[in-house]
Structure formats: structure tokens, C-alpha cells
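What the coordinates show
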Amino acid sequence: MNQIKLFVGLGNPGEKYSDTRHNVGFWWIDLVAHHHNIKLQNSDKFSSSIGKLSNADEIYFAKPSTYMNDSGKALAAISKFYKINPNEILVIHDDLDIDVGQAKLKFGGSHGGHNGLKSIFACIGSQDFWRLKIGIGHPGEKHLVVDYVLKNPSSKERSLIDESIEASSKLFNEIASGQFEKAMLNLHTNK
């Protein structure tokens, strides 16, 4: 049973993007870091804000500062330096095909058009890592997607997204220790 050694939240750095739908991965990392007293520090070496949970095993948390489309560069640098295998990584990201307020835990699969995942596939040469997909809903038309992910959700949507982030963050211990089936059961039946 593999444990997760690296939690990577995807998003775009800077105040301009901080509250946009594309940044739900950052929101998740911030919440878990807050609950576990993890201090994230900017690292030029890893092109990320990175922190560590100190316990029996070292578990790292990162928010790439490379912008979404180059997320893989940061993830590859961290995983290579700390010798972390793809199946020991959890990437937290927004998902257009999941309803607002829902979250899904999944191993492997395609990128589904997500540019952050495309970058990770290219940079680590694998799609065999865990994903925590936070639902942001779909604008309805494909040509509206770019604008949609880079806009702030409505206050009602933000509340639902925050609830899904809170619920999934409570499964941190199960996910970190490799109890994926238990975490999935709790997460996917928690509505």
C-alpha cells in the first residue's frame, strides 16, 4: 500500500487569480496546511510554495508558482529531489465535469483537457498518480471554459466548493496513510 508523500495543489499565483475557480487546489492546500500547522515557504529551487509535515514519514505540500500550464515543472523538480514516485503523489485540482460541491478521489486516467495535468504528464512522464478532483461545474459551452475557470465563483458556488474542500480535507489522514478505498468510500458517499 503506497502512502502519499507529496500533496500538490494546482492554481495560478498572484492576487489576480487567488479567488478564481482554477485555484481550488491552492485553497485545499492552504486549509490542510492551516489545520496541521504547516508553514509554506517560497522556494525558487522548486518553483513553489512548499512545506513539510513532520512525523514518522516526511510529507510535503506544494503550490506551484509556475502558473497552471507549467505545473509539471515544479512537481517534477520536487518529486525528483525527494525521490517521490508518481503513485506517492496526490494532485488537487479543479474539475469542470464534476458538479459544484462534489469532490472525487481517483488514481490515474486521462488529463481530460486540464492544462495543469497535461503539464504534469509531460514533465514526469506518467499519469499514474492520485488526483483529488474538486468540482467547479461547467459553463455549458466549450468556448466559455477559459473565461469560466479564471473567474471567481458566485458566493453560493464558493460556499459549496468550500464545503467540498472541507469535507475532503478531513480525509487527509486516510489519504496520507494510503487508505484510499476508505477515503473514497467516505468522500463519494458523503453527500
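Note: the structure precedes this text.
Cut-offs and rules
Residues numbered from 1 in each chain as written. Predicted model: local features only at pLDDT ≥ 70, side-chain atom pairs only at ≥ 80, totals over all residues. Heavy atoms only, no water. Helix = DSSP H or I, 4+ residues; strand = E, 2+ residues; numbered from the N terminus. Rg over C-alpha atoms; globule rule 2.2 N^0.38 Å. Buried < 20%, exposed > 50% of the residue type's maximum accessible area, 1.4 Å probe, protein only. Pairing = 2+ DSSP bridges. Core = buried A, V, L, I, M, F, W, Y, C linked by side-chain atoms within 4.5 Å. Contact = heavy atoms within 4.5 Å. Salt bridge = Lys/Arg side-chain N within 4 Å of Asp/Glu carboxyl O. Axes fitted to C-alpha atoms, helices over the stretch in contact; angles between N-to-C directions. Phe/Tyr/Trp six-rings, centres within 6.5 Å; stacked < 30°, edge-to-face > 60°. Lys NZ or Arg CZ within 6 Å of the ring centre and 35° of its normal.

Some remarks on the overall build of the protein
Each helix and strand counted, the protein has 7 helices and 7 strands in total. When the helices and strands of the protein are placed in sequence order, the string is β-α-β-β-β-α-β-β-α-β-α-α-α-α. Relative to a compact globule of 191 residues, whose C-alpha radius of gyration would be 16 Å, the protein shows 15 Å and is just as compact. The principal-axis extent of the C-alpha atoms belonging to the protein is close to 45 × 35 × 30 Å. Among the 191 residues that make up the protein, the fraction classed as buried is 49%.

Side note on the pairing of strand β4 (residues 58-64)
Of all 7 residues making up β4, 6 are buried, and the element is well covered by its neighbours. Bridging between strand β1 (residues 6-9) and β4 involves 3 bridges; their strand directions are parallel. Paired with Val8 across the two strands is Ala62, which belongs to β4. Note: strand β3 (residues 48-54) against β4, 7 bridges, orientation antiparallel. What sits directly across from Lys52, in β4, is Tyr60.

Structural notes on the nonpolar core
Ranked by size, the top nonpolar core spans 33 residues in total, and within it Phe7 and Trp28 carry the most contacts. Per-element accounting of this core gives the leading share, 7 residues, to helix α1 (residues 24-35). With sequence-adjacent residues up to four places away left out, Trp28 is seen in contact with Phe7, Ile92, Leu132, Ile134, Ile165, Ser168, Ser169 and Phe172. If you look at the next biggest cluster of nonpolar residues, it comprises 17 residues, including Leu6, Tyr60, Ile89 and Ile120.

A short note on the pattern of salt bridges
This structure, assessed with the given rule, holds 9 salt bridges. Note that Lys63 is salt-bridged to Asp30, the shortest N-O span being 2.7 Å. Residue Lys63 is located in strand β4, and its partner Asp30 is located in helix α1; the two are separated by 33 residues in the primary sequence. For the salt bridge of Arg158 with Asp162, the shortest nitrogen-to-oxygen distance reads 3.0 Å. Pair noted here: Arg158 and Asp162 are both in helix α5 (residues 155-169), with a separation of 4 residues, about one helical turn. Connected through shared salt-bridge partners, Asp19, Arg158 and Asp162 make up one network.

A short note on the sheet that holds β1
Here 7 strands make up an open sheet; going across it, the order is β2-β3-β4-β1-β5-β7-β6 and the pairing mixed. Edge positions in the sheet fall to β2 (41-43) and β6 (103-107), since each has one partner strand and no second. Along the sheet, successive strands turn relative to each other by an average axial angle of 25°, direction set aside. The pairing of β1 with strand β5 (residues 89-95) spans 4 bridges and is classified as parallel. Looking at the pairing, Leu6 lines up with Ile89 of β5.

Section: the environment of Leu40
Among the structural elements, Leu40 can be located in the loop between α1 and β2. Here the alpha-carbon distance between Leu40 and Ser154, two residues 114 residues apart in the chain, equals 28 Å. Ignoring sequence-local partners within four residues, the contact set of Leu40 consists of Ile29, Asp30, Ala33, Ser49, Ile50, Gly51, Phe61 and Lys63.

A short note on the packing of aromatic side chains
Two aromatic rings, taken as a pair, are described by how far apart their centres are and by the angle between their planes. Scanning all chains against the criterion turns up 12 aromatic pairs. Ring plane angle 45° and centroid distance 5.1 Å describe the contact between Phe7 and Phe172, whose orientation is recorded as tilted. Pair noted here: Phe7 is in strand β1 and Phe172 is in helix α6 (residues 172-176), with a separation of 165 residues, a long-range link. Across this residue pair, the class does not change: Phe7 and Phe172 are buried. On the basis of an interplanar angle of 70° and a centroid distance of 5.9 Å, the ring pair of Phe121 and Phe129 is categorised as edge-to-face. For the pair shown, Phe121 and Phe129 are each scored as buried. Taken together, the aromatic side chains of Phe7, Trp28, Phe61 and Phe172 make up a single cluster linked through ring pairs. Looking at Arg21, its charged tip hangs above the ring of Tyr148, at a distance of 3.7 Å from the centre. Above the ring of Phe129, the side-chain terminus of Arg131 is found at 4.5 Å from the ring centroid.

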